[in-house]
Amino acid sequence: MSDDIEDMGPVDFLVIEFPGNRMTGEAFPLLLDLVDRGIVRILDMSFVRKDLDGSVVAVEVAEMQDGSGLGMSVFEGASSGLLGQDDLDEAGNALEPGNAAAVLVYENVWAAPFARALRRSGAQMVASGRIPVQALLASLETEEGGPADGA
């Protein structure tokens, strides 16, 4: 197993909220395409729902309705055991009551060769983060309206 870990790319997680428990399924074929092309590997995928009373419950894949014609059953069995009940409860706490979420843990397979090379050289990741698209767009809009435009 330790050899497998040494060969892995960075692992990330997402909590994707579906307002009113409505999933269109539009994104799932794109996720499958990323998997098929070897860009990401799904390690774990679970679903949770936050009821109107605030309680958080796990939802089976078969209970999810995607409305797209894409059967959600393709995601059944996507469980490595990385996600525990505490993780699902924490994900549920981020939801608005009446909404559901997919909790996705995935390996960035595309980055594995880079990560292996860094590990071999003794380097290690000490921080990571993500810039929300909204913050990036706001920053770019500010930049475009600033003195650099000659205004």
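Check the entry above for the structure.
Residues numbered from 1 in each chain as written. Predicted model: local features only at pLDDT ≥ 70, side-chain atom pairs only at ≥ 80, totals over all residues. Heavy atoms only, no water.

The next point concerns a nonpolar patch on the surface. Taken together, the side chains of Ile131, Val133, Leu136, Leu137 and Leu140 present a nonpolar region at the surface, about 490 Å² in accessible area. Looking at the element boundaries, Leu136 is found in helix H5 (residues 133–144). (Patch = residues over 30% accessible without salt bridge, like charges linked within 9 Å, V, L, I, M, F, W, Y side chains within 5 Å. Areas by Shrake-Rupley, 256 points an atom, 1.4 Å probe, with all protein chains shown as cover. Salt bridge = Lys/Arg side-chain N within 4 Å of Asp/Glu carboxyl O. Helix = DSSP H or I, 4+ residues; strand = E, 2+ residues; numbered from the N terminus.)

Okay, the nonpolar core next. In this structure, Phe18, Met23, Phe28, Leu31, Val40, Met45, Phe47, Val59, Ala102, Leu104 and Tyr106 together form the largest nonpolar core, which totals 11 residues. Those elements that place two or more of their residues in this core are helix H2 (28–36), strand E2 (40–50) and strand E4 (100–108). If near-sequence neighbours (up to four positions away) are discounted, Leu104 is found in contact with Asp12, Phe13, Leu14, Leu31, Ile42, Asp44 and Met45. With 10 residues, the next largest nonpolar core counts Leu43, Leu83, Ala91 and Val103 among its residues. (Core = buried A, V, L, I, M, F, W, Y, C linked by side-chain atoms within 4.5 Å. Buried < 20%, exposed > 50% of the residue type's maximum accessible area, 1.4 Å probe, protein only. Contact = heavy atoms within 4.5 Å.)

Along the chain, Asp12 turns up in strand E1 (residues 11–18). For Asp12, a relative accessible area of 25% puts it in the partly exposed group. Asp12 sits 93 residues away from Val105 along the chain, and the two C-alpha atoms are 5.8 Å apart. Setting aside residues up to four positions removed in sequence, Asp12 forms contacts with Leu104, Val105, Tyr106, Asn108 and Arg130. Within the local environment of Asp12, its side chain forms a polar contact with the side chain of Asn108, the two groups lying 2.9 Å apart. (Polar contact = N/O pair within 3.5 Å; in protein donor to acceptor, adjacent residues only side chain to side chain.)

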